[in-house]
Amino acid sequence: MEGSEELESSLLTQPWAYVRFDESTFLAKVCFRDTGYILLISDLSSVWYESANAETVGQRSKELNKRLTVHVSSFLNHLCNLMCPLLAGQPSATTAFSCHHSPSGLRLHVKSELSGLPFYWDFHCCPAPLEMVFRHLVRPLIRMNLALQCQVQELISLLLQKDAEIEDYRESGATLSRDRLRTKPSGRRPFSRTSGEEQCEELGSLRTCYGELGMPRATPMSRFSKRCWTISTESQE
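Cut-offs used in this document
Residues numbered from 1 in each chain as written. Predicted model: local features only at pLDDT ≥ 70, side-chain atom pairs only at ≥ 80, totals over all residues. Heavy atoms only, no water. Phe/Tyr/Trp six-rings, centres within 6.5 Å; stacked < 30°, edge-to-face > 60°. Helix = DSSP H or I, 4+ residues; strand = E, 2+ residues; numbered from the N terminus. Buried < 20%, exposed > 50% of the residue type's maximum accessible area, 1.4 Å probe, protein only. Expected span 1.5 Å × (residues − 1). Arc of directions from axis to C-beta. Disulfide = S-S within 2.5 Å.

(A) Representation of the packing of aromatic side chains within the structure. The tally for this structure, following the rule as stated, stands at 6 aromatic pairs. With centroids separated by 5.2 Å and ring planes inclined at 75°, the aromatic side chains of Tyr-37 and Phe-123 adopt a geometry described as edge-to-face. One end of the pair, Tyr-37, is in strand β3 (residues 36-42); the other, Phe-123, is in strand β7 (residues 117-127), and 86 residues separate them in sequence. The residues Tyr-37 and Phe-123 share a single accessibility class, namely buried. Linked through ring pairs, Phe-32, Tyr-37, Trp-121 and Phe-123 together constitute an aromatic cluster.

As structure tokens, then:
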């Protein structure tokens, strides 16, 4: 039987996706199995999650869908069929999603149909544990940022080599056939200074984020995380 730890390990392999409920935008990822599901969702200010096993799903389905008598696995399969298109950016026109904040967390309400009857579901999400946030967000984003910094250094090195190559052509008497192709030397300092200033600014936000991570509420994310995740999402498209 697949436990909650195995479900979370499977969740690590799932991509993040942008979703919109009412006027609110979130990042979310979810993993469904026959034994339950785990959902992780964030509004880039707080992070919530729910991990539910088959017993929890069965009990909640009886409370919310008294007229439906299908097996728990059918509920899980139906939920998966509702959530996966949503995360893929293709939500069903017959399914409605809404979210409600509360002091204890976030509740995501789903309204659809199953076997011709109304189907309702509530995801009861509570603040995500600190280790889960680090495992699914902070550590991947830091690794991503380091990789991007390496790519920036490689690009700077390539630009400097191109500058030297162009200068050698000029000194040899070569001229451009079209003047509009003329460029100025890239130079390392202006580019590096701009990047450095941005990194210092973002690292300041990251330190603030680390200082707040121990607060007894949904874990906050820094602007550093938002910016890096936006870059990551764009690079995957």
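(B) Highlighting helix α3 (residues 72-87). Counted at 1.5 Å a residue, the expected span for α3 with its 16 residues is 22 Å, and the 22 Å between its end C-alpha atoms agrees. Taken together, the buried positions of α3 are Phe-75, Leu-76, His-78, Leu-79, Leu-82, Met-83, Leu-86 and Leu-87. Taken around the axis of α3, the buried residues stretch over an arc of 165°, which confines them to a single face. Positive backbone phi, approximately 85°, marks Gly-89, located one or two places after α3.

(C) Examining the state of the cysteines more closely. Per the stated rule, a full pass over the model turns up 0 disulfides. Cys-80 provides the cysteine sulfur closest to Cys-84, a residue in no disulfide bond, and the two sulfurs are 3.5 Å apart. Free cysteine: Cys-99, not disulfide-bonded; nearest cysteine sulfur from Cys-125 at 10.0 Å.

(D) Focus on the environment of Ala-88. With respect to the helices and strands, the residue Ala-88 is situated in the loop between α3 and β5 (96-102). Along the backbone, Ala-88 and Tyr-18 are 70 residues apart, and their C-alpha atoms lie at a distance of 8.7 Å.

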